[in-house]
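Chain and residue survey
Spelled out from the first residue to the last, the chains are:
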Amino acid sequence: MPRELNQKQVEEIHNLLLESKKNIESTLNTISDSHNDLSNMDLNDDGDFAAASRDYNNDIHIKKQQVEELALIDHALSKIEKGTYTGLCEMCDSEIGMKRLRVKPYAKYCIDCRSYIDKK
Ligand SMILES: [Zn+2]
């Protein structure tokens, strides 16, 4: 039988989730600030513009990732609030494991399921 996380472990994950959430929110704020700079910037030569739009595209990519991560964090946080957070894989119910959760506190799946989904 897979073991669900105890209260102390859930608390640890909860703190990690809140911390990541704060980091992501500040990253997202920085990104939107720099986009305001971009539109205010005086781009009078093509080289500047290419560099600026490359940064911009890169930011969009990071932003998309961060927004997705934030959604997963909120998902995990709402499970903790409802008391339904177990630290078990949402697909196969096996333990995700504290080691993995410390790196990715918002993980919904164990490594096996994750790599199965990634392959699809
Ligand atoms: Zn699994």
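With an unreviewed UniProt entry as reference, the protein chain is termed Molecular chaperone DnaK suppressor DksA, source organism Halarcobacter anaerophilus.

So, the overall build of the protein chain
Within the protein chain one finds 4 helices and 0 strands. Reading the secondary structure of the protein chain in the N-to-C direction produces α-α-α-α. Against the compact-globule benchmark of 14 Å for 120 residues, the protein chain has a radius of gyration of 19 Å, which places it well outside the compact range. Oriented by its inertia axes, the alpha-carbon framework of the protein chain measures out at about 65 × 30 × 20 Å. Every one of the 120 residues in the protein chain was classed for burial, and the buried ones make up 28%. As displayed, the protein chain offers around 8500 Å² of accessible surface, 49% of which is attributable to carbon and sulfur atoms.

With respect to the pattern of salt bridges
Tallied over the entire structure, the rule returns 5 salt bridges. One salt bridge in this structure joins Glu90 and Lys79, with 2.5 Å as the shortest N-O distance. Of this pair, Glu90 sits in the loop between helix H2 (46–82) and helix H3 (98–103) while Lys79 is found in helix H2, placing the two residues 11 residues apart along the sequence. The class for Lys79 is buried, based on a relative accessible area of 15%.

Some words on the UniProt feature "domain: Zinc finger DksA/TraR C4-type" (unreviewed entry) in the protein chain
Cross-referencing UniProt, the feature "domain: Zinc finger DksA/TraR C4-type" (unreviewed entry) maps to residues 83–116 in the present numbering. Span residues 83–116 is 35% helix and 0% strand, its end C-alpha atoms 28 Å apart.

Here's the deal with the coordination of the zinc ion
Coordination of the zinc ion by the protein involves Cys89 (SG), Cys92 (SG), Cys110 (SG) and Cys113 (SG), with metal-donor separations of 2.3 Å. If you look at the zinc ion, its 4 donor atoms make angles of 105 to 117° with each other, and the shape they trace is tetrahedral. The sequence pattern formed by the donor residues of the zinc ion is C-x2-C-x17-C-x2-C. Residue Cys89 is classed as buried on the basis of its relative accessible area, which comes to 1%.

Considerations on the side chain of Thr86
Within the fold, Thr86 resides in the loop between H2 and H3. A distance of 3.1 Å separates the side chain of Thr86 from the backbone nitrogen of Leu88, its partner in a polar contact. Those residues in contact with Thr86 that lie beyond four places of it in its chain are Glu4 and Leu5.

Digging into the UniProt feature "zinc finger region: dksA C4-type" (unreviewed entry) in the protein chain
With numbering aligned to this structure, UniProt lists the feature "zinc finger region: dksA C4-type" (unreviewed entry) at residues 89–113. The span residues 89–113 shows a helical share of 36% and a strand share of 0%, and its end C-alpha atoms are spaced 8 Å apart.

Basis of the calculations
Residues numbered from 1 in each chain as written. Predicted model: local features only at pLDDT ≥ 70, side-chain atom pairs only at ≥ 80, totals over all residues. Heavy atoms only, no water. Helix = DSSP H or I, 4+ residues; strand = E, 2+ residues; numbered from the N terminus. Rg over C-alpha atoms; globule rule 2.2 N^0.38 Å. Buried < 20%, exposed > 50% of the residue type's maximum accessible area, 1.4 Å probe, protein only. Areas by Shrake-Rupley, 256 points an atom, 1.4 Å probe, with all protein chains shown as cover. Salt bridge = Lys/Arg side-chain N within 4 Å of Asp/Glu carboxyl O. UniProt positions renumbered as here; feature names shortened; annotations may be inferred. Donors = N, O, S within 2.8 Å, 3.2 Å for Na, K, Ca; no water. Tetrahedral: all angles 85-135°; square planar, octahedral: opposite > 155°, others 65-115°. Polar contact = N/O pair within 3.5 Å; in protein donor to acceptor, adjacent residues only side chain to side chain. Contact = heavy atoms within 4.5 Å.

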